Amino acid sequence: MENIDELRERYSRQTMLPQIGLEGQERLARGSVLLIGAGGLGSPAGLYLAAAGVGTIGVADGDVVSRSNLARQVAHFTGDLGRPKTDSIAAKMRAINPNVDVRTHPVFLDQGSIHDVIAHYDFVIDCTDSLCSKYMINDACVAQGKPFAVGGVYQFGAQLLTCVPGSACYRCVFPDASPTEADTSCAIAGVMGTVVGLLGCLQATEAVKFLAGVGELLTNRLLIADTLTMQFHTIATRRDPNCPACSK
């Protein structure tokens, strides 16, 4: 652990921001974030959350590092092949910032385990690439009143939505998914690694903003990015009064 002078130097570029300051940095240190998925989105999100000084960061993933991961999952190196992804990313996060408490959950969360895990965190980042997983995470977070950021990447495109109690949830925006859509992943459609990195950084930014209490979250708005044309825009969303997840 670093002493107070070393900590001030570490976070000096953040704390000089008037929106953050020492008070915001202390909020980050007291905060906790859970990453569900330690792959393409979870890698940059985890590294930047650790660098930013988020006090407790959990990582849930039951997969191991494979060679096809290395072109986009930047927390995993060639020497990590075959290693559990949670162990691999945790080692990198601790190396970046030894002051952060990194907690690993080396399992694929399911309906039986997700509620117990997310209960211990202030903010959840959905870093999965399966629509079935996204619906499960959405429903669990809504049920517990947990704010979360959900992102998805398809080839050169990306989408991001942040949900808090009272805002539109993921099911409000994407109420249905066909079996084909639910099974589509980057292993089938392909994906550009830099786009995944971009979205993971944006998800981490939403978590930092929430914990520090600054800025405006991406609630009731869906961010859509097309990196082939470098066009970014948002679409207004609204809560569905008949949503099976968040309606009363």
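Scroll up a little and you will see the structure.
Residues numbered from 1 in each chain as written. Predicted model: local features only at pLDDT ≥ 70, side-chain atom pairs only at ≥ 80, totals over all residues. Heavy atoms only, no water.

Novice: When you look at the packing of aromatic side chains in this model, what are you seeing that I'm missing?
Specialist: Centre distance and the angle of the planes are the two values used to describe a pair of aromatic rings. Counted according to the given criterion, the structure contains 3 aromatic pairs. With a centroid separation of 5.0 Å and 40° between ring planes, the pair formed by Y170 and F174 is classed as tilted. A residue is classified by how much of its surface remains accessible, and Y170, at 7% relative accessible area, is buried. In this structure an aromatic cluster arises from ring pairing among Y135, Y170 and F174. The ring of F77 is capped by K92, whose NZ or CZ atom sits 4.7 Å from the centre of that ring. (Phe/Tyr/Trp six-rings, centres within 6.5 Å; stacked < 30°, edge-to-face > 60°. Buried < 20%, exposed > 50% of the residue type's maximum accessible area, 1.4 Å probe, protein only. Lys NZ or Arg CZ within 6 Å of the ring centre and 35° of its normal.)

Novice: Help me out: how do you make sense of the pattern of salt bridges in this one?
Specialist: Tallied over the full model, the rule gives 10 salt bridges. Two residues, K85 and D63, come together in a salt bridge whose shortest N-O distance is 3.4 Å. Taken as a pair, K85 in helix α5 (residues 85-96) and D63 in the loop between β2 (56-60) and α5 lie far apart in primary sequence, 22 residues in all. A relative accessible area of 4% places K85 in the buried class. The exposure class assigned to D63 is partly exposed, which follows from its relative accessible area of 33%. A salt bridge links D80 to R83, with the shortest nitrogen-to-oxygen separation between them at 3.1 Å. Assessed through its relative accessible area of 6%, D80 is described here as buried. (Salt bridge = Lys/Arg side-chain N within 4 Å of Asp/Glu carboxyl O. Helix = DSSP H or I, 4+ residues; strand = E, 2+ residues; numbered from the N terminus.)

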